[in-house]
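Read off the chains here:
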Amino acid sequence: MDVVRWCWPVLIAAAACADSRAAGRPDLKIEAKLPGTFAQPSDVVELTDGRVAFADTRQRLFLRADFGTGKVDTIGTRVDTLPNGAAASVYKFPGWVAHLAGDTLALVDFAALRTTLWTEAGQPIRVVPLPPVGGTTPVLAYDHQGFGYKTDYEGILGGAEPGRLMRPDSMAILRFELTNGRVDTVAQLAAPEYGTAKFGEQTQQVAKIFGPNDVFGVLPDGRLWVARARENRVDWRGPGGVWIRGKPHAFTPVPVTEADKKAVIAKIREQGKGRGLPDTLALEWPFADHKPPFGTGMGSPA
């Protein structure tokens, strides 16, 4: 496993067709390696003493590693079943790690749909009381002011009356107070563009692949940024709730080619092999005509 240090401040927007491999980036360099490999590591967070914490989602383990010594420790205990009220020291499917204020880490369990807090030393603290508002998608973004954030997909994935199609024009960004579970809305994202997907004889409305999707992130001090895909701009919300509207940036649209479409469908089939997707099942997916100006983004306190 390699570790790299990123030098760009504030926001990095990755183009949909960009090659993100470190070997192709002259501004990235490998500083150290861990012995061995990890099949599906989650995000990696750096601890105050220089070690790192991450989840191995293939082995379903919460890990802490030291690049200086090469030592890798398992934190907590993986279990096959996790009843309600289970201790913070156990997890079923660790999928995401976040660094909160001080020496506190948040571990998001994708199977148990809960977040637990840990010290950097690997000691469990408590289970975070997050209510199931906005559906069952996990809370992955955290600041250092005691809040977690996620997009409310429930309004576009369900909740409509039978026979009635819901297509709201926006999705809320929800903010959760970690001490008591209180929830409020702090921003809105534009809803995705939709099209018809076909799975054998069944059809379903889904978001278009390569469609323009807004993304957001939060900095440790509570500042929130929203990257607007249709306008190619970044808006900022200060800790006090005041918004600063960013300046749109011109970009040249890149057409979605037949080769792009075939590559995506091939990837869907490859990922579906272990999940019961028959090779002979007819698959059709809606694609946007052009790729968006960016596909994802990251924030930095610098």
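On a predicted model such as this, the values are computed, not experimentally measured, just so you know. (Residues numbered from 1 in each chain as written. Predicted model: local features only at pLDDT ≥ 70, side-chain atom pairs only at ≥ 80, totals over all residues. Heavy atoms only, no water.)

**Q** Describe the overall build of the chain, and please don't skip the residues or the numbers.
**A** Assigned secondary structure in the chain consists of two helices and 27 strands. The proportion of buried residues among the 302 residues of the chain is 39%. Taking the contacts inside the chain whose residues are at least 6 apart along the sequence as the reference set, 48% of them involve residues at least 24 apart. Within the structure as shown, the chain displays about 16,900 Å² of accessible surface, and the carbon and sulfur contribution to it stands at 53%. (Helix = DSSP H or I, 4+ residues; strand = E, 2+ residues; numbered from the N terminus. Buried < 20%, exposed > 50% of the residue type's maximum accessible area, 1.4 Å probe, protein only. Contact = heavy atoms within 4.5 Å. Areas by Shrake-Rupley, 256 points an atom, 1.4 Å probe, with all protein chains shown as cover.)

**Q** Let's hear about the pairing of strand E16 (residues 170-177): which residues, and what values?
**A** Buried residues dominate E16, accounting for seven of its eight residues. Inspection of the sheet shows strand E15 (residues 147-151) paired to E16 by five bridges, in the antiparallel sense. Looking at E16, one finds that Tyr149 is bridged to Arg175. Between E16 and the antiparallel strand that follows it, strand E17 (residues 183-190), lie five residues; Gly181 among them carries a positive phi value of about 80°. (Pairing = 2+ DSSP bridges.)

**Q** Explain the side chain of Thr116 residue by residue, including any values.
**A** Position of Thr116 relative to the elements: it lies in strand E12 (residues 114-119). Note on Thr116: relative accessible area 3%, which makes it buried. Looking at Thr116, its side chain comes within polar contact range of the side chain of Trp118, at 2.8 Å. What Thr116 contacts, discounting residues up to four positions off in sequence, is Ala88, Leu105, Ala106, Leu107, Arg126 and Val127. (Polar contact = N/O pair within 3.5 Å; in protein donor to acceptor, adjacent residues only side chain to side chain.)

**Q** So what about the sheet that holds strand E23 (residues 243-244)? Which residues, and what values?
**A** Read across the sheet, four strands follow the order E20-E21-E22-E23 without closing on themselves; strand pairing throughout is antiparallel. Edge positions in the open sheet fall to strand E20 (215-218) and E23, since each of these has one partner strand only. Both E20 and strand E21 (residues 224-228) contribute to a ladder of four bridges, which runs antiparallel. The residue bridging Phe216 from the neighbouring strand is Val226, located in E21.

**Q** So what's going on with the pattern of salt bridges? Which residues, and what values?
**A** Per the counting criterion, the structure on display carries 13 salt bridges. Residues Arg78 and Asp80 are paired through a salt bridge, measuring 3.4 Å at the closest nitrogen-oxygen approach. Owing to a relative accessible area of 39%, Arg78 belongs among the partly exposed residues under this scheme. You can call Asp80 exposed: its relative accessible area is 61%. Asp235 is the salt-bridge partner of Arg233, the closest N and O atoms lying 2.8 Å from each other. Neither Arg233 nor Asp235 differs from the other in exposure class; each is buried. One connected set of salt bridges, linked through shared partners, spans Asp214, Arg228, Glu231, Arg233 and Asp235. (Salt bridge = Lys/Arg side-chain N within 4 Å of Asp/Glu carboxyl O.)

**Q** Before we move on, could you go through unusual backbone geometry and cite the residues and values that matter?
**A** Unlike most non-glycine residues, Arg60 shows phi in positive territory, near 60°. When you line up the elements, Arg60 lands in the loop between strand E5 (52-56) and strand E6 (61-65). In this structure, Phe210 takes a positive phi of about 70° despite not being glycine. By the secondary structure assignment, Phe210 is in the loop between strand E19 (202-207) and E20.

**Q** So what's going on with the sheet that holds strand E10 (residues 94-99)? Residues and values would help.
**A** Reading across from one edge, E10-E11-E12-E13 is the order of the four strands in this open sheet, with antiparallel pairing throughout. Both outer strands of the open sheet, E10 and strand E13 (124-127), are each paired with one neighbouring strand and no more. Each adjacent strand pair in this sheet contributes to an overall mean axis angle of 25°, direction not counted. By the bridge criterion, five bridges tie E10 to strand E11 (residues 104-109) in an arrangement that is antiparallel. Bridging from a neighbouring strand, Pro94 pairs with Asp109 of E11. (Axes fitted to C-alpha atoms, helices over the stretch in contact; angles between N-to-C directions.)

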